[in-house]
Amino acid sequence: MDRRAFLAQLGGLLLVSRRVSAQNAPWQELEPVALGDGLKLRIRQAQNPGPVFFIPHNDENVAVRSVEQFWRTVQPMGTLIELQQFEPSGRNLELRYVYQTLQGTRIYADPNRIYSANLRITEKKLELGSSETKRCGVAFTTNPGDLGKQAARRFQTIGEKITAILRQYLSITDPLIVAMHNNTNDALQASPAYFSERQFELSDRPSAKSRLQNRDLDNFFLATQREDYARLRKLEWNSILQLPTAIDDGSLSIWAAKQQIRYINIEAEHVLCAQPLPRQVGLQVQMIAAAVQNISDASR
Ligand SMILES: [Zn+2]
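Description of the structure in this document.

Cut-offs used in this document
Numbering of residues begins from 1 in every chain and follows the order in which that chain's sequence is written. Owing to the predicted nature of the model, reporting of local features is limited to residues with pLDDT of at least 70; listing and counting of side-chain atom pairs is limited to 80 or more, with chain, interface and lining totals taken over all residues. Here the side-chain values reflect all heavy atoms present in the structure, with hydrogen atoms and water set aside. Helix and strand definitions here come from DSSP, where helices need a minimum of 4 consecutive H or I residues and strands a minimum of 2 consecutive E residues; each element is numbered from the N-terminal end. Here, Shrake-Rupley sampling with a 1.4 Å probe gives the accessible areas, and only protein chains in the shown set may cover a residue. Each metal site lists N, O and S donors within 2.8 Å (3.2 Å for Na, K and Ca). With water left out of the atoms, a site can look as if it is missing ligands. Only two sets of limits are used to name each site, 85 to 135 degrees for every angle of a tetrahedral four-donor site, and over 155 degrees for opposite donors with all other angles from 65 to 115 for a square planar four-donor or octahedral six-donor site, with any other site named irregular. Categorising residues by exposure relies on relative accessible area from a 1.4 Å probe, with only protein chains included: less than 20% of the type maximum marks a residue as buried, more than 50% marks it as exposed, and the intermediate range marks it as partly exposed. When DSSP locates at least two bridges between a pair of strands, those strands are taken to pair.

**Details of the overall build of the chain**
Then, in step 1: Broken down by element type, the chain carries 8 helices and 13 strands.
Then, in step 2: Summing over all exposed atoms, the chain offers an accessible surface of approximately 14600 Å²; the carbon and sulfur share of this is 50%.

**Considerations on the coordination of the zinc ion**
Then, in step 1: Only His57 (ND1), Glu60 (OE), Glu60 (OE) and His181 (ND1) from the protein coordinate the zinc ion, and they sit 2.0 to 2.5 Å from it.
Then, in step 2: For the zinc ion, the 4 donor atoms in the first shell make angles of 55 to 151 degrees at the metal, so the coordination geometry reads as irregular.
Then, in step 3: Mapped onto the sequence, the residues coordinating the zinc ion show the spacing H-x2-E-x120-H.
Then, in step 4: We classify His57 as buried; its relative accessible area is 4%.

**A word on the pairing of strand S7 (residues 98-102)**
Then, in step 1: With 4 of its 5 residues buried, S7 lies for the most part within the structure.
Then, in step 2: The pairing of S7 with strand S8 (residues 105-109) spans 5 bridges and is antiparallel. Note that in S8 the partner of Leu102 across the bridge is Thr105.

And the structure:
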């Protein structure tokens, strides 16, 4: 071990005990934030400042492995925040949806539909929950029925806590949220069938023309700022710009746009999102590198 590495390790040991350095990993595990009913935010911080990587769906393990690999092999930067739900036994349920127990019933919500300031939107999404199809793992759903308002309020509060934490870890010089998702083949694509052209501007299918790898329509970026959209499009990635006319559906991208926080969503295809294949992790690492390409040096 050279002197610098030794000093770096020593520095790690001297940090407050709440921060535990994972063995041989270029990040530190911070104290998780409890959100009630076994729901937690797992927070890991890399050595250098950078974006907040947020993974709301707890079964999208390709995304998690991709950030870890990006940190190990490309650049350890920013903070990784994952939403996870644990049973009272301590088992991580790895569910796509999160739940809260109300009057003995578990009500499930999509953790990417709880960020609206309008409670009716949150409640509406809970009702829709019962008709959602499963995409990865098992999507448990319960129609909230009479518990709707109460459940919506609970999830809205959770959404507010989550966004407060995301804000807390945003870089001061170059604030950026990189939301990470995985989807299955043809389940969600960069096409007008999934993203209405009244609400979103879509790149003109660069995938069809590109000879580059992984330009399949299932792999795409959704940005809230035109500069990011234009830049990623130039790199021949399928890109979507969320327009100011986009309807509030409780998703984090709408919240970020309202707060004028720079936001890029990385959607990457998987075969089995809970059991990542190296090829899929490699693809999403490539997409992370493209997303953070122009992060200013000042924030590093
Ligand atoms: Zn997702």
